[in-house]
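# A closer look at the structure
Okay, here's what each chain looks like letter by letter:
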Amino acid sequence: MPPDPTIALHLIQQVAKQDRDAFSQLYDRFSTLVFTLAMRMLKARSDAEDLLQEVFVQVWRQAENYSAERGSPEAWIINIARSRAIDKIRSIRRMQKSFVLTDDPARAESADNVESSAAESEARIAMNSALANLPETQRRVLELAYFGGLTQTEIAERLAEPLGTIKTRMRSGIQRLREMLGTQAA
Amino acid sequence: MRSEHERWREQGEIYALGALDGQELKEFEAHLTSGCAICEAYVREMRETLLLLHRSITPTTPSPSVKTRLFNDIASEKVVPLAAKPRSTWRRWQVITGTLAAGLVGAVLAGTLITKRYEPRHTVYTSVINLLRDPATRDFPLYGTGPTPKAVGRFLWNESGEGHIFVSNLPAAPEGKMYAVWTIAQASAPRYVGTIQTDRTGQGGLHINMPRTDQPVETFAVTLEPVGTTAAPTGPMVLVSKPA
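Predicted model, so just to flag it, every value in this text is computed and none were measured. (Residues numbered from 1 in each chain as written. Chains lettered and ligands numbered in written order. Predicted model: local features only at pLDDT ≥ 70, side-chain atom pairs only at ≥ 80, totals over all residues. Heavy atoms only, no water.)

## Examining the overall build of chain B
Assigned secondary structure in chain B consists of six helices and eight strands. Going residue by residue from the N terminus, the α and β elements of chain B occur as α-α-α-α-α-α-β-β-β-β-β-β-β-β. In chain B, the share of contacts with a sequence separation of at least 24, taken over all contacts with a separation of at least 6, comes to 56%. A total of about 13700 Å² of accessible surface is found on chain B, and carbon and sulfur atoms cover 59% of it. (Helix = DSSP H or I, 4+ residues; strand = E, 2+ residues; numbered from the N terminus. Contact = heavy atoms within 4.5 Å. Areas by Shrake-Rupley, 256 points an atom, 1.4 Å probe, with all protein chains shown as cover.)

## A look at the confidence of the model for chain A
All names here are of chain A. In this model, chain A carries a mean pLDDT of 81, and residues with pLDDT of at least 70 account for 77%. When pLDDT is averaged over each element of chain A, helix H8 (residues 152-159) comes out on top at 95 and helix H5 (residues 105-111) at the bottom at 39. Residue range residues 100-128 is modelled with pLDDT below 50. Its contacts to residues more than four positions away, or to other chains, number 44 contacts. (pLDDT = per-residue confidence, 0-100.)

## Quick notes on the packing of aromatic side chains
When we look at a pair of aromatic rings, we describe it by the centre distance and by the angle of the planes. Following the criterion strictly, the structure yields 13 aromatic pairs over all chains and no others. An aromatic cluster of three or more residues is present, and its members are Phe23, Tyr27, Phe56 and Trp60 of chain A together with Phe71 of chain B. The positively charged end of Arg82 of chain A is found above the aromatic ring belonging to Tyr146 of chain A, 4.0 Å away from the centroid. Over the aromatic face of Tyr42 of chain B sits the side chain of Arg9 of chain B, whose NZ or CZ is 4.2 Å from the ring centroid. (Phe/Tyr/Trp six-rings, centres within 6.5 Å; stacked < 30°, edge-to-face > 60°. Lys NZ or Arg CZ within 6 Å of the ring centre and 35° of its normal.)

## Comments concerning the pattern of salt bridges
As a working rule, side chains carrying opposite charge can pair if their charged atoms are close by. Enumeration according to the criterion identifies 16 salt bridges over all chains in this entry. As a salt-bridge pair, Glu136 of chain A and Arg139 of chain A come within 3.1 Å of each other at their nearest N and O atoms. Here Glu136 of chain A and its partner Arg139 of chain A are both found in helix H7 (residues 136-146), three residues apart, which amounts to about one turn of the helix. Close ionic contact of Asp139 of chain B with Arg154 of chain B constitutes a salt bridge, the shortest N to O distance being 3.1 Å. (Salt bridge = Lys/Arg side-chain N within 4 Å of Asp/Glu carboxyl O.)

## Quick look at the pairing of strand E8 (residues 237-240) of chain B
Of the strand pairs in this sheet, strand E1 (residues 138-144) of chain B and E8 of chain B are connected by two bridges, and their pairing is antiparallel. Counted as the bridge partner of Tyr143 of chain B is Val240 of chain B from E8 of chain B. (Pairing = 2+ DSSP bridges.)

## A word on the sheet that holds strand E4 (residues 177-185) of chain B
Residue and element names in this part refer to chain B. One open sheet holds the eight strands; their spatial order is E5-E4-E7-E8-E1-E2-E3-E6, and the pairing between them is antiparallel. Strands with a single pairing partner mark the edges of an open sheet, and in this sheet they are strand E5 (191-196) and strand E6 (204-209). The sheet shows a mean angle of 20° between the axes of neighbouring strands, taken without regard to direction. Examined bridge by bridge, strand E7 (residues 217-226) and E8 share three bridges and lie antiparallel to one another. By the bridge assignment for E8, Thr223 is matched with Met237. (Axes fitted to C-alpha atoms, helices over the stretch in contact; angles between N-to-C directions.)

## Quick word on the packing of helix H2 (residues 20-42) of chain A against helix H4 (residues 64-75) of chain B
Packing of H2 of chain A against H4 of chain B brings their axes to within 12 Å, and their N-to-C directions diverge by 155°. Taken together, the axes of H2 of chain A and H4 of chain B are roughly antiparallel relative to one another. Of the two elements, H2 of chain A crosses H4 of chain B, and the hand of that crossing is right-handed. Contacts from Arg20, Phe23, Ser24, Tyr27 and Asp28 of chain A of H2 of chain A reach H4 of chain B at Val66, Lys67, Leu70, Phe71, Ile74 and Ala75 of chain B. Of the residues belonging to the contact of H2 of chain A with H4 of chain B, the class tally is seven nonpolar, one polar and three charged. (Parallel < 35°, antiparallel > 145°, perpendicular 65-115°, else oblique. Left-handed = near helix turned anticlockwise from the far one by under 90°. Nonpolar A, V, L, I, M, F, W, Y, C, P; charged D, E, K, R; others polar.)

## Topic: the interface of chain B and chain A
Contacts between chain B and chain A engage 66 residues on the former and 81 residues on the latter. Across the salt bridge formed by Glu24 of chain B and Lys167 of chain A, the nearest N and O atoms sit 2.6 Å from each other. Joining chain B to chain A, the criterion identifies 25 residue pairs in polar contact (both at pLDDT 80 or more). Counting only elements with at least two residues in the side of chain B that touches chain A, the list comes to helix H1 (4-17), helix H3 (37-55), H4, E7 and E8 of chain B. If you tally residues by element for the side of chain B that touches chain A, the top one is H3 of chain B, at 13 residues. (Polar contact = N/O pair within 3.5 Å; in protein donor to acceptor, adjacent residues only side chain to side chain.)

Okay, structure coming up:
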């Protein structure tokens, strides 16, 4: 169940006034969501914990700038988390390209872990979840983009598929999610 | 034939997913910046839809220590909200009175401080010696790279989370920039561990105390970053523990 946006909105307004109790409640409400996403994207617990802390530091600093017109509190917080996680994932790739010895097979394997973790995640997806209801080809591209931080071009290269095909799968997957969301709301 | 907005909508879906890149990304961002309320609303709606994705995965609970660390930082006012409230008149009087009192106390303490002038340096030396005494401490040479090929350094590191970095031949960071120090465990994101400053001779040092992590650090790096960059390295690498 998604968190109640009305309560979260009130909490963010209180956090903007530097109310630490409200901040504590906001953390309790969203920390597991953020941490779950961080673990899925970054894999290592220590990285995910660092990210969680960074996200809530940003929430504390920027609560005053939050506007409900720009999205729900959950979307705002998750967007902060995803942006930061993607920055980290991309910096790992840049670092690996810059100075990691590419002939180290263990390392090469770890650099390629986005795809393997996409497969690993399949086992963790609840059967009644939104992802489980997507066709495999659509689910794969959405996972690589959303959790792996890959761009459309990188996904096309990784899957050796034309860019147009990847775009179509992504858009079809998103449309399907919209339909599911509509069904849930009805 | 597709309408102009149909094309933007298609790009908006991929943009919300974070997967738009290249020229398409530049064009779409420029379109958003131009103030298109339709696309802005559409991206917002897509982001709400995509929340279904992370709700699909099995929840993982963070350690309670993260909340403790977060609230300690806030309590010690390391983290200050961006828009600070204006100070009231009463608050200004408090500040003035406090400043005068601090001045008096400062004068009394001045003599004591002079005698203790070298204490911080002494503490650092002691910490470094203790690090070196521990057989688990590893010693990594650092090599200059990118814009500073002549820079050199050493990184003492203990997996307890304590370390010390020494650098030489590293010119002072330009205005608005800083040298950020990172540790990198295998397949993990670089972790910011502090900022190092160098003196006129290009020498500098930094003692590091971080919480222990679950993966051993493999690589150490220093990058030149805009001041305040701590989430992830974005600038050129100036020192690294593996030769290029």
